[in-house]
Amino acid sequence: MGAVMVRVESHQRPVETRKRYNEEDRESHERPQEERSAAVRQGIVDKVETALSDPKVKSVVICGQNGIFCGGADIKEFGPKMSGPPLIPMIHAIEAANKPVVAAIEGSALGGGLELALGCHYRIAHSKARLGLPEVTLGLLPAAGGSQRLPRLIGVPAALDLITTGRHVTAAEALQLGIVDQVTDNNTVDAAVKFALSVAGQSLDARRISTYPCPQPSHLDALFEEVMQKVRQSARGAMAPVACVQAVRAAATLPYTQGLEREKELMATLFTSGQARALQYIFFAQRAVGRWRMPSGAGWDTSKHRPVNKAAVIGLGTMGQGITVALAQTGLSVVAIETQEKQLMKAKQAVSSTLERGAKRRGVAPPLDRISYSQNIQAVADVDLVIEAVFEDMGLKMEVFQQLSAVCKPGTVLCTNTSALDMDQLASETPNPELVVGMHFFSPAHVMKLLEVVYGPRSSPQAVATAMQLGKKMGKASVVVGNCRGFVGNRMLMPYSEQAFFLLEEGATPELVDRALEEFGFSMGLFRMSDLAGLDVGWRVRKSAGLAEPREASGQSARIRKGYRYSPIADLICEQGRFGQKTGSGWYQYDKPGSRVARSDPWLHSFLEQYRARHGLVARSIDHQEVLERCLYAMINEGFRILEDGIAAGPEDIDVIYVFGYGWPRHRGGPMFYASMVGLAKVLERLEHYHQAHPDVPYLQPCSLLKRLVASGSPPVHRWREVIKKLHSQL
Ligand SMILES: CCC[C@H](O)CC(=O)SCCNC(=O)CCNC(=O)[C@H](O)C(C)(C)COP(=O)([O-])OP(=O)([O-])OC[C@H]1O[C@@H](n2cnc3c(N)ncnc32)[C@H](O)[C@@H]1OP(=O)([O-])[O-]
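Computed from a predicted model, the values in this text were never measured in an experiment.

About the thresholds
Residues numbered from 1 in each chain as written. Predicted model: local features only at pLDDT ≥ 70, side-chain atom pairs only at ≥ 80, totals over all residues. Heavy atoms only, no water. Salt bridge = Lys/Arg side-chain N within 4 Å of Asp/Glu carboxyl O. Helix = DSSP H or I, 4+ residues; strand = E, 2+ residues; numbered from the N terminus. Buried < 20%, exposed > 50% of the residue type's maximum accessible area, 1.4 Å probe, protein only. Pairing = 2+ DSSP bridges. Contact = heavy atoms within 4.5 Å. Axes fitted to C-alpha atoms, helices over the stretch in contact; angles between N-to-C directions. Phe/Tyr/Trp six-rings, centres within 6.5 Å; stacked < 30°, edge-to-face > 60°. Lys NZ or Arg CZ within 6 Å of the ring centre and 35° of its normal. Lys, Arg positive; Asp, Glu negative; His and termini not counted. Expected span 1.5 Å × (residues − 1). Core = buried A, V, L, I, M, F, W, Y, C linked by side-chain atoms within 4.5 Å.

Moving on: the pattern of salt bridges. Counted according to the given criterion, the structure contains 35 salt bridges. Between R559 and E505 there is a salt bridge whose closest N-O contact spans 3.1 Å. One end of the pair, R559, is in the loop between α21 (535-544) and β17 (560-561); the other, E505, is in helix α18 (residues 489-506), and 54 residues separate them in sequence. The burial state of R559 is the same as that of E505; both residues are buried.

Attention now goes to the sheet that holds strand β4 (residues 108-110). Read across the sheet, three strands follow the order β4-β6-β7 without closing on themselves; strand pairing throughout is mixed. The two strands at the open ends of the sheet, each matched to only one other strand, are β4 and β7 (169-170). Seen against the sheet, helix α4 (residues 112-119) touches β4 and β6 (130-132) and runs at an angle of roughly 90 degrees to β4.

Next up on the list: the packing of aromatic side chains. Counted under the stated rule, the structure contains 18 aromatic pairs. Each ring, one from F520 and one from Y674, has its centre 5.0 Å from the other, and the planes form 85 degrees; the classification is edge-to-face. Of this pair, F520 sits in helix α19 (residues 510-520) while Y674 is found in helix α26 (residues 671-678), placing the two residues 154 residues apart along the sequence. Accessibility classification places F520 together with Y674 in one group, the buried group. Between Y658 and Y662 the ring centres are 4.4 Å apart and the planes differ by 20 degrees, which places this aromatic pair in the stacked class. The class of Y658 is buried, set by a relative accessible area of 0%. Put simply, the rings of Y496, F520, F522, W664 and Y674 touch in pairs and so form one group of aromatic residues. Across from the ring centre of F283, 3.7 Å away, lies the NZ or CZ of R287, which sits over that ring. Over the face of the ring belonging to F502 we find R565, whose NZ or CZ atom lies 3.9 Å from the ring centre.

Time to look at the side chain of D74. When you line up the elements, D74 lands in the loop between β2 (57-64) and α3 (87-95). No salt bridge is formed by the buried D74, whose closest oppositely charged neighbour, K76, lies at an N-O distance of 6.1 Å.

Another point: helix α10 (residues 240-253). Given a rise of 1.5 Å per residue, 14 residues ought to cover 20 Å, and the 20 Å separating the end C-alpha atoms of α10 matches this to within 8%. The buried count for α10 comes to eleven of 14 residues, which makes it a mostly enclosed element. The complete set of buried residues in α10 reads A240, P241, V242, A243, C244, V245, A247, V248, A250, A251 and A252. Check the buried side of α10 and you find it contacts α5 (146-154), α6 (156-165), α9 (220-235), α11 (256-271) and α12 (275-288).

Of note, H691 is situated in helix α27 (residues 680-693). Sequence-distant contacts of H691, that is, excluding residues within four places in its chain, are made with V697, L700 and Q701.

Glancing now at the nonpolar core. Here is a general trend for soluble globular proteins: nonpolar side chains tend to be buried in one another's company. Of all hydrophobic cores here, the largest spans 109 residues; its most connected members are V380, W587, L632 and F640. With eleven residues, helix α24 (residues 624-645) is the single largest residue contributor to this core. The contact partners of V380, leaving out residues within four places of it in the chain, are A312, I314, V335, I337, L404, V407 and C408. Ranked by size, the runner-up nonpolar core spans 68 residues in total, among them A125, L133, A158 and V169.

Sheet architecture is open: eight strands sit in the order β11-β10-β9-β12-β13-β14-β15-β16, paired in mixed fashion. Each having just a single partner strand, β11 (371-374) and β16 (477-482) make up the two edges of the open sheet. Between one strand axis and the next, the sheet turns by 25 degrees as a mean value, whatever way the strands run. Where strand β15 (residues 450-455) and β16 come together, six bridges link them in parallel fashion. Of the residues in β16, the one forming a bridge with L450 is A477. Strands β15 and β16 of the sheet are contacted by helix α25 (residues 651-661), whose axis makes an angle of about 130 degrees with β16.

Before going further, it helps to examine the environment of I282. In this fold, I282 is placed in helix α12. Judged by relative accessible area, which is 0%, I282 ranks as buried. I282 sits 17 residues away from G299 along the chain, and the two C-alpha atoms are 21 Å apart. With residues near it in sequence (within four places) discarded, I282 still touches D655, V656, V659, R666 and G669.

A separate point is α18. Between its first and last C-alpha atoms α18 spans 26 Å; for 18 residues at 1.5 Å apiece the expected length is 26 Å, and the two agree. Among the 18 residues that make up α18, 15 are buried, leaving the element largely enclosed by the rest of the structure. Directly after α18, the chain includes G507, whose backbone phi takes a positive value near 135 degrees.

See below:
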């Protein structure tokens with residue numbers, strides 16, 4: 001018989017099953033999937049055992065199904081009541097086999113999939129395969145021996161890199177690192193069978209990775225110290241990357257069996273941390289937002305997108321430049337329009353150099369010839385989709401949309417990148433409002449992963465599907481949202497920043513607020529972030545909303561707008577010409593305009609003291625807990641209002657927006673998930689408390705959806721949609 005093949009079935013649902021899946025029948029799909037996963041392991045154990053005991057079988061090949069070796073353990077299966085044979089003894093039995101076992105790796109070998117392959121004696125990969133140990137991104141570590149075998153195979157520094165970042169490597173890099181023994185462009189299983197037969201009967205003593213001594217780098221302690229410091233800094237409170245370093249250290253310093261014990265201990269800590277739950281929630285949320293639905297019932301599974309091969313960008317300011325870069329990098333032909341000649345030249349240079357830098361990093365040619373530049377809007381006549389990114393001025397945008405309607409071929413999808421204006425008003429200016437959607441990119445658009453796709457009451461599902469498909473192609477986390485002021489992300493930012501300004505009035509400093517938020521895990525505190533983004537942006541928005549009008553310098557009335565409490569602090573800072581990093585001062589001071597290193601500013605502190613004195617405010621001591629509760633719960637409360645209003649379809653949409661666009665720490669799962677972890681009753685109680693203390697702040701008044709969820713026993717986050725649905729059906 002020669003070689004025998006053992007197939008690893010993928011835990012990913014087949015496409016047809018995936019299509020039928022929705023939130024309501026989540027449970028009914030979960031159970032069979034768990035059972036299937038256990039059955040897969042049982043199948044491997046049984047087949048390997050049979051093959052090893054059959055004298056006619058000389059070697060064994062383990063391969064996947066449908067072109068995928070194995071994406072790793074089924075995350076949904078993790079829990080106290082896991083059924084079926086455990087992974088570690090299964091991999092040990094394979095490694096201990098007295099006949100060669102060869103992994104035929106096609107598609108992906110990730111997590112437990114790669115750990116299984118590392119238990120095999122040889123690994124043959126297809127040239128298009130990707131390999132990695134991404135457990136860290138799910139709040140875990142490779143706990144089926146991966147953290148102990150990989151350093152023994154490829155050395156400590158390379159293993160640390162792969163395990164602490166979770167990055168996937170190509171087959172070519174895997175070969176270079178020594179993870180695989182051979183790469184093929186042909187049929188991988190055939191190559192593996194041929195190989196398995198060629199090594200049949202040979203000694204396997206040198207092929208069992210767990211028996212290898214771990215290569216010892218010089219200055220082991222210094223290396224781990226340096227790596228640990230770096231990892232702690234970038235982890236921003238996430239535990240898994242730190243545990244990964246500790247596990248690799250165990251591989252480098254302990255015998256294999258003791259290292260395995262350490263791996264198990266560390267995994268147990270991660271498992272019960274809550275961070276793993278948050279990260280796994282975000283993994284599924286990222287996929288759930290792709291299954292979008294509009295209030296009409298039309299959605300991802302009923303709407304066909306229009307093909308987009310050629311797109312146009314109108315307006316080449318910072319945003320337009322970033323969008324142009326992102327489109328060209330996606331492989332589209334782009335027409336870039338800017339009416340001002342000087343700005344067009346400047347933008348062309350900036351776009352080209354960004355593309356050149358990116359291409360150099362990736363070792364490819366820059367896609368410069370995919371872009372044609374023009375001052376004439378007629379050049380967009382044959383494009384499939386237009387993204388308007390001109391200055392935030394309704395009159396100007398309306399003019400552009402009217403021109404586009406006259407110039408574009410029928411069916412061209414018209415997108416606006418507005419972040420503050422009413423896209424439905426824009427749509428009403430075109431003869432085909434069904435073709436208008438918002439594509440709200442985040443700056444810099446070629447770097448930031450988030451895209452809000454905004455529909456108005458007249459947007460067609462096809463236009464939404466087209467924008468979503470383009471977002472996907474561009475590698476964006478794309479979320480469909482309804483039309484309202486600030487959409488989802490910026491709308492929730494309003495109460496967040498308002499609370500931060502109030503805290504300054506009450507005695508806090510920008511440093512205190514930022515420290516609390518950064519210790520929580522935000523990549524940047526609110527004040528450092530607004531210095532980076534530019535304070536003038538918000539000032540302009542507040543002015544256009546009739547808020548930032550100069551009033552008398554002191555007295556209660558200066559702190560009231562439209563009958564509610566208002567803090568003019570940010571406006572007063574702007575009146576001083578302090579717009580943040582670009583002017584060399586804002587909430588902090590900088591060495592020079594454009595510098596990024598924020599330093600405490602004595603001027604700002606004395607300004608705050610004078611401001612408080614002028615308004616009869618007495619500074620009190622404010623702790624981190626209050627900063628977090630005031631800023632985050634006010635934001636979360638607005639999130640519930642957004643759900644109540646139907647602007648976002650579910651909590652996952654809000655959480656993906658915050659994790660991918662607003663620096664929310666991923667290991668805390670997004671604001672709505674965080675609220676569920678804190679406990680909705682507690683969030684409600686604290687909001688009631690703060691609203692009582694600040695009755696003139698509407699954002700602190702708990703919204704009815706939150707109250708309703710608490711009244712219905714605070715269901716877990718994946719059940720909120722049912723309550724929202726009921727709420728909407730009663731309206
Ligand atoms: C003891 C410790 C052992 C071990 O160390 C722990 C692990 O292995 S931890 C694991 C380490 N492994 C990883 O971290 C790999 C994570 N997975 C991936 O990176 C990608 O899914 C993969 C590259 C495999 C395929 O990409 P693609 O082709 O673009 O497809 P896609 O991404 O759209 O997914 C299709 C469907 O499969 C679903 N699903 C996927 N993976 C899992 C999972 N592990 N579980 C459950 N479900 C999973 C996914 O939700 C989606 O379902 P739906 O209902 O349609 O939304």
